[in-house]
Amino acid sequence: SQQGEEDPQALSIQEGENATMNCSYKTSINNLQWYRQNSGRGLVHLILIRSNEREKHSGRLRVTLDTSKKSSSLLITASRAADTASYFCATARNSGYSTLTFGKGTMLLVSP
Amino acid sequence: SAVISQKPSRDICQRGTSLTIQCQVDSQVTMMFWYRQQPGQSLTLIATANQGSEATYESGFVIDKFPISRPNLTFSTLTVSNMSPEDSSIYLCSVGEGAISSGNSPLHFGNGTRLTVT
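All values derive from a computational prediction rather than experimental measurement.

S.K.: Give me the lowdown on the state of the cysteines, citing residues and values where you can.
M.R.: What we call a disulfide is simply a covalent bond connecting the sulfur atoms of a pair of cysteines. Tallied over the full model, the rule gives two disulfides over all chains. The disulfide that involves Cys23 of chain A links it to Cys89 of chain A, with 2.0 Å between the sulfurs. Linking Cys23 of chain A and Cys89 of chain A, the disulfide has an S-S dihedral of approximately 65° and is accordingly described as right-handed. One end of the pair, Cys23 of chain A, is in strand S3 (residues 19-24); the other, Cys89 of chain A, is in strand S9 (residues 85-92), and 66 residues separate them in sequence. Here Cys23 of chain B is linked by a disulfide to Cys93 of chain B, with a sulfur-sulfur distance of 1.8 Å. Taking the torsion about the sulfur-sulfur bond, which here is approximately 50°, the covalent link between Cys23 of chain B and Cys93 of chain B counts as right-handed. With Cys23 of chain B in strand S3 (residues 19-25) and Cys93 of chain B in strand S9 (residues 89-96), the pair connects residues that are 70 residues apart, well separated along the chain. For the pair Cys23 of chain B and Cys93 of chain B, a shared accessibility class is recorded, and that class is buried. Distance from the sulfur of Cys13 of chain B, which forms no disulfide, to the nearest cysteine sulfur (Cys93 of chain B) is 18 Å.

About the criteria used
The written sequence of each chain sets the order in which its residues are numbered from 1. By the order in which they are written, chains take letters starting at A while ligands take numbers starting at 1. For a predicted model such as this one, the threshold for reporting local features is a pLDDT of at least 70, and the threshold for listing and counting side-chain atom pairs is 80 or more; totals across whole chains, interfaces and linings nevertheless cover every residue. Heavy atoms throughout the structure, all of them, feed into the side-chain values; hydrogens and water do not. A pair of sulfur atoms, both from cysteines and within 2.5 Å, is called a disulfide here. By the criteria applied, helices consist of DSSP H or I runs no shorter than four residues and strands consist of E runs no shorter than two, each listed in order from the N terminus. Working definition: with a 1.4 Å probe on protein chains only, accessible area under 20% of the residue-type maximum means buried, over 50% means exposed, and in between means partly exposed.

Here it is as structure tokens:
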């Protein structure tokens, strides 16, 4: 069954603005990851947040995790045209061998 | 992080034919993962390829349709057999970090194979 569900499905903003994407999931997780996919290419890992963490930063990225609400958010600050891509959350259910379950993604368009 | 080379990058194939996709990693990894991404959709895991054993297929995917080889720790192939237009997708191979992939490690992806079946 689909684990992660992102919203919005699509987001259009101007350069310099912040972009916020949300992800909800259904079952307990060990960690949640965010990936970026530029058009027609492979996915690039952005950030991993563990279930015992609430917030994590990496450059212009800020990820939060609320396990009580089974939700996460990805904030991109001061967006650039190069941030235009699809963003996916993915959940890992346990700490041992596990496969990731990907959400449906948010398509972000950043206009100059 | 691992560098993954996948080929072909794209192909247009006729119905009923088969296509083999190759995935080469620049380091040894225990598990390699094959995903399918249908147009405008998310990624769905097809199977996990372990070196020295049969691949493990996810629900809805069978070996006859998607045979996988894993001859060594740096290489794998996925064949899409007896293709139909419904098989038109991006196929992606991926690996975890380090020799053993776990749910705690990010995945690294190849650039994918865009397959169009006419």
